[in-house]
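# Coordinate analysis (summary)
These are the residues of each chain, in order.
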Amino acid sequence: PARTPGSNLRIASFNVLNYFTSNPAIGGALNPLCGSSYSDACNRGAKNLEDFQQQRTKIVNAITEMDADVLGLMELENNGFDDHSAVNDLVQSLNAKQKDSGKQYNFVTVPKSLLDQERFFGSDAIMVAMIYRPAKLTPQGDANIITLPVQKYQDAKGAEKQASQRDSLVQTFTVKGSKEPLTLVVNHLKSKGSGCLENLDGKEPADLQGKCTEFRVSAAKVLGEAVSKLPGQVMLVGDF
């Protein structure tokens, strides 16, 4: 859509549907579920270079057309923030399409002290991420993480189980032309197809809300409490 007259920022979110670069033909780093060596079992995305290039072209074209100044992203491979990461691959590919230097993107990095093994954003194969245009926004301090609830329980056979959620990414920006800071929070709550304490029988709930409804509600409460303390303008985006 055309930009609204008088507006100074376009904000969006985009689920890249398992953007994985760890296949050896692509050359990305491994995610935490791979251990020390790659296998197709730890790759939820493209399994060969041709399929990945097709996926990347579609996503880069779509984000370029969206023309957003800051985006929350879901389902990037959780393989770090260096030159071999999925988020870097996406941003480099995006910037190659931006003819105007003012439309180039950077990605938000998470401090190593908040990362698992100083590399991974949590323990899942996928993560949320955030990209922005430095011509429009400047990060204000380091990114932060909102840690979401974990369930620990026993299944019907007495086996110990744990259900986790992907934690949320928080970054505050100074926005050109605005006196107030903007804090963006990117989220990807528990899947409706997952296993949780409230679905021990493995069946879909009769109310058609999908699995893990109570678990997602607990995450929403934690998010609400955390963001209510943030100053300035706050926006939450993502897959809720």
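One structure accompanies this document, and this report is about it.

Conventions adopted
- Residues numbered from 1 in each chain as written.
- Predicted model: local features only at pLDDT ≥ 70, side-chain atom pairs only at ≥ 80, totals over all residues.
- Heavy atoms only, no water.
- Core = buried A, V, L, I, M, F, W, Y, C linked by side-chain atoms within 4.5 Å.
- Buried < 20%, exposed > 50% of the residue type's maximum accessible area, 1.4 Å probe, protein only.
- Helix = DSSP H or I, 4+ residues; strand = E, 2+ residues; numbered from the N terminus.
- Contact = heavy atoms within 4.5 Å.
- Pairing = 2+ DSSP bridges.
- Axes fitted to C-alpha atoms, helices over the stretch in contact; angles between N-to-C directions.
- Phe/Tyr/Trp six-rings, centres within 6.5 Å; stacked < 30°, edge-to-face > 60°.

This part takes up the nonpolar core. Core analysis: the biggest nonpolar cluster contains 45 residues, and Leu-71, Leu-73, Leu-76 and Leu-90 have the highest contact counts within it. For this core, the elements supplying multiple residues, two or more each, are strand S1 (11-19), helix H1 (49-66), strand S2 (70-77), helix H2 (86-95), strand S4 (126-132), strand S9 (168-175) and strand S10 (182-188). At 6 residues, S4 tops the list of elements feeding residues into this core. Ignoring any residue separated from it by four or fewer positions in sequence, one finds Leu-76 in contact with Val-16, Tyr-19, Ala-86, Val-87, Leu-90, Ala-125, Ile-126, Met-127 and Ala-129. Among the nonpolar cores identified, the runner-up in size contains 8 residues, and Ile-146, Leu-148, Val-185 and Val-227 belong to it.

Bringing the sheet that holds S1 into the picture now. Read from one edge of the open sheet, 4 strands run S1-S2-S4-S3, paired in mixed fashion. On the outer flanks of this sheet lie S1 and strand S3 (106-107), each paired with one strand and no other. Of the strands in this sheet, S1 and S2 are in contact with H1, which crosses S1 at around 175°. Seen against the sheet, H2 touches S1, S2, S3 and S4 and runs at an angle of roughly 130° to S2.

Here the phi dihedral of Leu-17 falls at roughly 50°; this positive angle occurs in a residue that is not glycine. Tracing the backbone through its elements, the reader meets Leu-17 in strand S1.

Here the focus is the packing of aromatic side chains. The relation between two aromatic rings is expressed through the spacing of the ring centres and the mutual angle of the planes. All chains considered together, the criterion is met by 2 aromatic pairs. When the centroid spacing of 5.2 Å and the interplanar angle of 70° are considered together, the rings of Tyr-19 and Phe-52 count as edge-to-face. One end of the pair, Tyr-19, is in strand S1; the other, Phe-52, is in helix H1, with 33 residues separating them in the sequence. Relative accessible area serves as the criterion here: at 0%, Tyr-19 is assigned to the buried category. For Phe-52, a relative accessible area of 0% gives the class buried. Their ring planes at 55° and their centres at 5.3 Å tell us that Tyr-132 and Phe-173 sit as a pair that is tilted. One end of the pair, Tyr-132, is in strand S4; the other, Phe-173, is in strand S9, with 41 residues separating them in the sequence. Side by side, Tyr-132 and Phe-173 carry an identical accessibility label, which is buried.

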